[in-house]
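Structural description and commentary
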Amino acid sequence: MQTATYKNVLAGLTVADAMRRQIVRLSASDPISQAIRCTIKFKVNAVLIDTDAQQAVGVVSKTDLMSAYYAGFDLETPLEAIMVGPPTLCRPDAPLDEALKSMQTHGIHRLYVKPDGPHPLNGVLAYPDIVGLLYRFCRRCEKSTTGRKLGTAKEDWAEMLRVREVMTPKLIQAGRDQTLSEVMELLSGHRLGAVLIHDDTGLPLGVVSKTDLIAAYMHGLDPTTVAAADIMKGPPLACEENDLLSETLWVMIYNDVYRMFVYR
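These figures come from a predicted structure and were not determined experimentally.

**Regarding the overall build of the chain**
Summing up its helical and strand segments, the chain has nine helices and 11 strands in all. Out of the 264 residues in the chain, the part that is buried amounts to 39%. Look at the contacts in the chain between residues 6 or more apart in sequence, and 61% of them connect residues 24 or more apart. Within the structure as shown, the chain displays about 15,200 Å² of accessible surface, and the carbon and sulfur contribution to it stands at 54%.

**Considerations on the sheet that holds strand 6 (residues 123–126)**
Ordered in space as 4-5-6, the three strands form an open sheet in which the pairing is mixed. The two strands at the open ends of the sheet, each matched to only one other strand, are strand 4 (89–90) and strand 6. As defined by bridge partners, strand 5 (residues 110–113) adjoins strand 6 across four bridges and the pair is classed as antiparallel. For V113, the partnering residue across the bridge sits in strand 6 and is G123.

**Here we look at the side chain of R110**
On the secondary structure map, R110 appears in strand 5. Comment: no salt bridge for buried R110; closest opposite-charge side chain is D64, at 6.7 Å. The contacts of R110, once residues within four sequence positions are left out, are N45, A46, V59, S61, M103, V124, L125 and A126.

**Observations regarding the sheet that holds strand 9 (residues 204–209)**
A sheet is described by the order of its strands in space; here three strands give the open sequence 7-8-9, paired in mixed fashion. A single partner strand is all that each edge strand has here, and the edge strands are strand 7 (173–175) and strand 9. Averaged over all neighbouring strand pairs, the angle between strand axes comes to 35 degrees, with direction disregarded.

**Remarks on the layout of surface pockets**
There is about 160 Å³ of room inside the second largest pocket. Taken together, L171, Q173, L196, G202, P204, P236, A238, F261, V262 and Y263 make up the full set of residues lining the second largest pocket. Broken down by element, the lining of the second largest pocket gets its largest block of residues, three residues, from strand 11 (residues 261–263).

Reading the values: the criteria
Residues numbered from 1 in each chain as written. Predicted model: local features only at pLDDT ≥ 70, side-chain atom pairs only at ≥ 80, totals over all residues. Heavy atoms only, no water. Helix = DSSP H or I, 4+ residues; strand = E, 2+ residues; numbered from the N terminus. Buried < 20%, exposed > 50% of the residue type's maximum accessible area, 1.4 Å probe, protein only. Contact = heavy atoms within 4.5 Å. Areas by Shrake-Rupley, 256 points an atom, 1.4 Å probe, with all protein chains shown as cover. Pairing = 2+ DSSP bridges. Lys, Arg positive; Asp, Glu negative; His and termini not counted. Salt bridge = Lys/Arg side-chain N within 4 Å of Asp/Glu carboxyl O. Axes fitted to C-alpha atoms, helices over the stretch in contact; angles between N-to-C directions. 1 Å grid on protein atoms, 1.4 Å probe; cavity = no way out; pocket = protein on both sides within 12 Å on 5 of 7 lines; lining within 4 Å. Points joined across faces, edges and corners; volume = space filled by probe spheres on them.

Take a look at the structure:
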């Protein structure tokens, strides 16, 4: 069987090509409730934490907010009590593939960008930024499905990446009646951003994400009694394992979601 080989599409790209200029920042003395508002309003997965002197000292992610919810922290608790720090940095001229390796090595989902010398932070790089950049390259590629004419040789399609080649081959699910605390335990234990919710027969009903959980935190819902079905969003967005990866990325970007559930 012929083995397909793929070029490193990140070669020649730098952090500056993919990073976002906007950094959502809060003070270490700000309450947890303010971080929840900011992550939801600005659609980010983390906020940078500063001292009163505007010195970056930590990061509070949705995972940290969810953990605070699970632990029963009051919403007025200062962010310094739950932040993780200091933030991991990279240079804007650093190769993008090296930045990605650094994220994987440290087990983190974002890097903050700082030029050499006495310059302030000027950007942030997260996985969605890299995915968005790759999609833009997919659209410009000569083998892009965008604008592909009828009658294109099937051989041209065969070597294109499919969803099955990059998906995580493990699906974690929760029952509709499981409590939010149980859902948070699943997400933490498997390092996931969302869990699929099924009915009594095993059919998928919806999704509970960390965003849904911190919104429930903000509304004062008791995680030990409220059920997953009470806050889930649905129906879940799904794709087939043989779908073209470039087209699936377009669906994710268009629907502003971070994950797709895959069926055979």
